[in-house]
Amino acid sequence: MAASPSLDSPKLCQDIFSILESQFLFGVSPVRNSSPSAISPAGKVRILSIDGGAGDLAAASLIRLESSLRRLSGDPSASISHFFDLAVGSGSGALLASLLFANNLSASDASLILRKIRLEKPKTRTLFGGLFKKESKVLEKVCGEATLKDASKPLLITCYDLNTGAPFVFSRADAVEADGFDFKIRDVCEAAACQGRGNKEVRSVDGETRIRVVDAGLVVNPTTVGITHVIHNKQEFPFVNGLEDVFVLSIGGNGALVRDAASIAGTCQADVVDQAVAMAFGESRKNNYVRIQGNGINAGSTAEDVLTETCVESVMFQGKKLMKETNAERLEWTAEELLKEQNRRMQSKIPTVFIKPVATPRTSSSSAMTLTTVLTGSSESPRY
């Protein structure tokens, strides 16, 4: 009688959890006996996920990635939004995702805007001892009256709604369907940045929906939100049948060791999601899932330092292991994969994504001239 496989076997554990996660986490049947390198005739849907608190590392990573995309494509105007089909973010990651996909900024400009928002004097003491953030003048100038409908591509921003006591996702796809789910971009961004500073009420453009957002960064790693949206949104992503049809770039924090409870909780949540996603991808994660984050070895590392660090990979029940490549090398490989998919689409007759059209598009009051004013810090009126 053949010996039963041991439950200590990492391969067996991976197979079991891949099946469970595929069925219950993502709501799809597990893919069996499929080649990790197999490519759907319709290609792969490309998801960009940015953690709450990723801030500096996310900005540096996206600037590096965008530079590689411009160099490899020969297009000096290429931007991050050109090479991804959907962006999902939480906290500071939501700010970056919105600036890239709703305002179509370059990674460098988005990073500068994020820095200017941080330099604003945001904190004011309330009678109850809490802190709240004044409305951002920078966001008002950059975003104007633009709403989720104005995003060039699918955009998801995670938060927690105190009114319902449940998570809520600001989504372009929902905004296109009804004004009750459409919100001003600047309001959504301010809500995303309110973590740890009380709460903020956000109203839809028709005033019918009110979300009281608290600690938008509670969903630190929003990767699963992006994946489930793509898998279940058959109207915009009709050819996605499983994780083999998805390519994900997920950007986390610098991995520094922290001691306060809130930071530890956030780090744990991000790592749990990372491991769950990695295991769900199984063998295809080598080609379909990239996680950029610090390895936590060198305390006080800057974002640029983290890019030169050896990257880490989740291992079932064993934490993380160091890989051979650095984060910068992984980003270079990602740029090559994104460009391959872009070139494949140019030659294919089968569209990969069908973005929902906007029936009554609104024109954002933000303009290139306004953006230039914000970036340069000038208060003078533009001259024509």
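These numbers were taken from a predicted model, which means no experiment stands behind them.

(A) The arrangement of the pattern of salt bridges in detail. Under the counting rule described, the total for this entry stands at 15 salt bridges. Glu-304 is the salt-bridge partner of Arg-64, the closest N and O atoms lying 3.6 Å from each other. Taken together, the positions of Arg-64 in helix α2 (residues 55-73) and Glu-304 in helix α11 (residues 303-308) put the pair 240 residues apart, joining distant regions of the chain. Taking the relative accessible area as the measure of exposure, Arg-64 reaches 30% and is therefore partly exposed. Take Glu-304: its relative accessible area is 44%, and that puts it in the partly exposed class. Among the salt bridges present, the one from Arg-344 reaches Glu-341, with a minimum N-O distance of 3.1 Å. Of this pair, Arg-344 and Glu-341 both sit in helix α12 (residues 327-347), separated by three residues, roughly a single helical turn.

(B) Spatial organisation of α2. Taking 1.5 Å per residue, 19 residues should reach 27 Å; α2 reaches 27 Å between its end C-alpha atoms and fits that length. Of the residues making up α2, those classed as buried are Gly-55, Leu-57, Ala-58, Ala-59, Ala-60, Ser-61, Leu-62, Leu-65, Glu-66, Ser-68 and Leu-69. Remark: Gly-74 follows α2 within two positions and exhibits a positive phi of approximately 75 degrees.

(C) Representation of the packing of aromatic side chains. This model, assessed by the stated rule, comprises five aromatic pairs. Ring centres of Phe-168 and Phe-170 lie 5.2 Å apart, and the angle between their planes is 75 degrees; on these two criteria the pair is classed as edge-to-face. Each member of the pair, Phe-168 as well as Phe-170, carries the same accessibility label: buried. Centroid distance Phe-170 to Phe-183: 4.9 Å. Interplanar angle 85 degrees. Geometry classified as edge-to-face. One end of the pair, Phe-170, is in strand β6 (residues 166-171); the other, Phe-183, is in the loop between α6 (172-177) and α7 (185-192), and 13 residues separate them in sequence. Note on accessibility: Phe-170 and Phe-183 belong to one class, buried. Ring pairing ties together the aromatic residues Phe-168, Phe-170 and Phe-183, which thus form one cluster. We note Arg-330 situated over the ring of Trp-333; from NZ or CZ to the ring centre the distance is 5.4 Å.

(D) Representation of the packing of α2 against α12. Relative to each other, α2 and α12 sit at 45 degrees, their axes nearing to 9 Å. Comparing their axes, α12 and α2 come out oblique. Like other packed secondary-structure pairs, α2 and α12 cross with a definite hand, here right-handed. Contacts from Ser-61, Arg-64, Leu-65, Ser-68, Leu-69, Arg-71, Leu-72 and Ser-73 of α2 reach α12 at Ala-328, Leu-331, Glu-332, Thr-334, Ala-335, Glu-336, Leu-338 and Leu-339. Residue composition of the contact of α2 with α12, grouped by class: eight nonpolar, four polar and four charged.

(E) Region of the structure containing the packing of helix α3 (residues 92-101) against helix α4 (residues 107-119). One way to put it is that α3 packs onto α4 with a least axis distance of 9 Å and a crossing angle of 135 degrees. What the angle tells us is that α3 and α4 run oblique. Crossing hand, α3 versus α4: right-handed. Within the contact between the two elements, α3 uses Leu-95, Leu-96, Leu-99 and Leu-100 and α4 uses Ala-107, Ala-110, Ser-111, Ile-113 and Leu-114.

(F) Region of the structure containing α7. Most of α7 is tucked away, with eight of its eight residues classed as buried. Inspection of α7 places Ile-185, Arg-186, Asp-187, Val-188, Cys-189, Glu-190, Ala-191 and Ala-192 among the buried residues, and these make up the whole buried set.

(G) Up close: the side chain of Ser-204. Positionally, Ser-204 belongs in the loop between β7 (199-203) and β8 (210-214). The exposure class of Ser-204 is buried, given its relative accessible area of 5%. Within the structure, the side chain of Ser-204 is placed 3.3 Å from the backbone nitrogen of Glu-208, a separation counted as a polar contact. Once residues within four sequence positions are removed from consideration, Ser-204 is found in contact with Asp-179, Gly-180, Asp-182, Phe-183 and Thr-209.

(H) View of the state of the cysteines. All chains considered together, the criterion is met by zero disulfides. Of all cysteine sulfurs in the structure, the one in Cys-189 sits closest to Cys-143, which takes part in no disulfide; the separation is 5.2 Å. Note on Cys-143: relative accessible area 1%, which makes it buried. On the accessibility criterion, Cys-189 (1% relative accessible area) is buried.

(I) Here's a closer look at the nonpolar core. Of all hydrophobic cores here, the largest spans 64 residues; its most connected members are Leu-48, Leu-65, Ile-80, Leu-155, Phe-170 and Leu-249. Once you skip the residues sitting within four places of it in the chain, Ile-80 turns out to touch Leu-48, Leu-62, Leu-65, Glu-66, Leu-69, Leu-100 and Ala-107. One finds Val-88, Leu-243, Val-277 and Val-353 within the second-largest nonpolar core, a separate group that totals 21 residues.

(J) Quick look at the confidence of the model for the protein. Across the protein, pLDDT averages 77, with 71% of residues at or above 70. Across the protein, strand β1 (residues 45-50) holds the top mean pLDDT of 96, while strand β4 (residues 131-133) sits lowest at 41. Confidence drops under a pLDDT of 50 for residues 124-133, and excluding neighbours within four residues, the segment shows 18 contacts in the predicted structure. The model gives residues 363-370 a pLDDT under 50, and that stretch makes 11 contacts with residues more than four places away or in other chains.

(K) How the structure looks around the pairing of β6. Two strands pair when backbone bridges link them, and strand β5 (residues 155-161) and β6 are joined in this way by six bridges, in the antiparallel orientation. Looking across to β6, one finds that Leu-156 is bridged to Ser-171. What sits between β5 and β6 in their antiparallel hairpin is a turn of four residues, with Gly-165 showing a positive phi close to 65 degrees.

Cut-off values and rules
- Residues numbered from 1 in each chain as written.
- Predicted model: local features only at pLDDT ≥ 70, side-chain atom pairs only at ≥ 80, totals over all residues.
- Heavy atoms only, no water.
- Salt bridge = Lys/Arg side-chain N within 4 Å of Asp/Glu carboxyl O.
- Helix = DSSP H or I, 4+ residues; strand = E, 2+ residues; numbered from the N terminus.
- Buried < 20%, exposed > 50% of the residue type's maximum accessible area, 1.4 Å probe, protein only.
- Expected span 1.5 Å × (residues − 1).
- Phe/Tyr/Trp six-rings, centres within 6.5 Å; stacked < 30°, edge-to-face > 60°.
- Lys NZ or Arg CZ within 6 Å of the ring centre and 35° of its normal.
- Axes fitted to C-alpha atoms, helices over the stretch in contact; angles between N-to-C directions.
- Parallel < 35°, antiparallel > 145°, perpendicular 65-115°, else oblique.
- Left-handed = near helix turned anticlockwise from the far one by under 90°.
- Contact = heavy atoms within 4.5 Å.
- Nonpolar A, V, L, I, M, F, W, Y, C, P; charged D, E, K, R; others polar.
- Polar contact = N/O pair within 3.5 Å; in protein donor to acceptor, adjacent residues only side chain to side chain.
- Disulfide = S-S within 2.5 Å.
- Core = buried A, V, L, I, M, F, W, Y, C linked by side-chain atoms within 4.5 Å.
- pLDDT = per-residue confidence, 0-100.
- Pairing = 2+ DSSP bridges.

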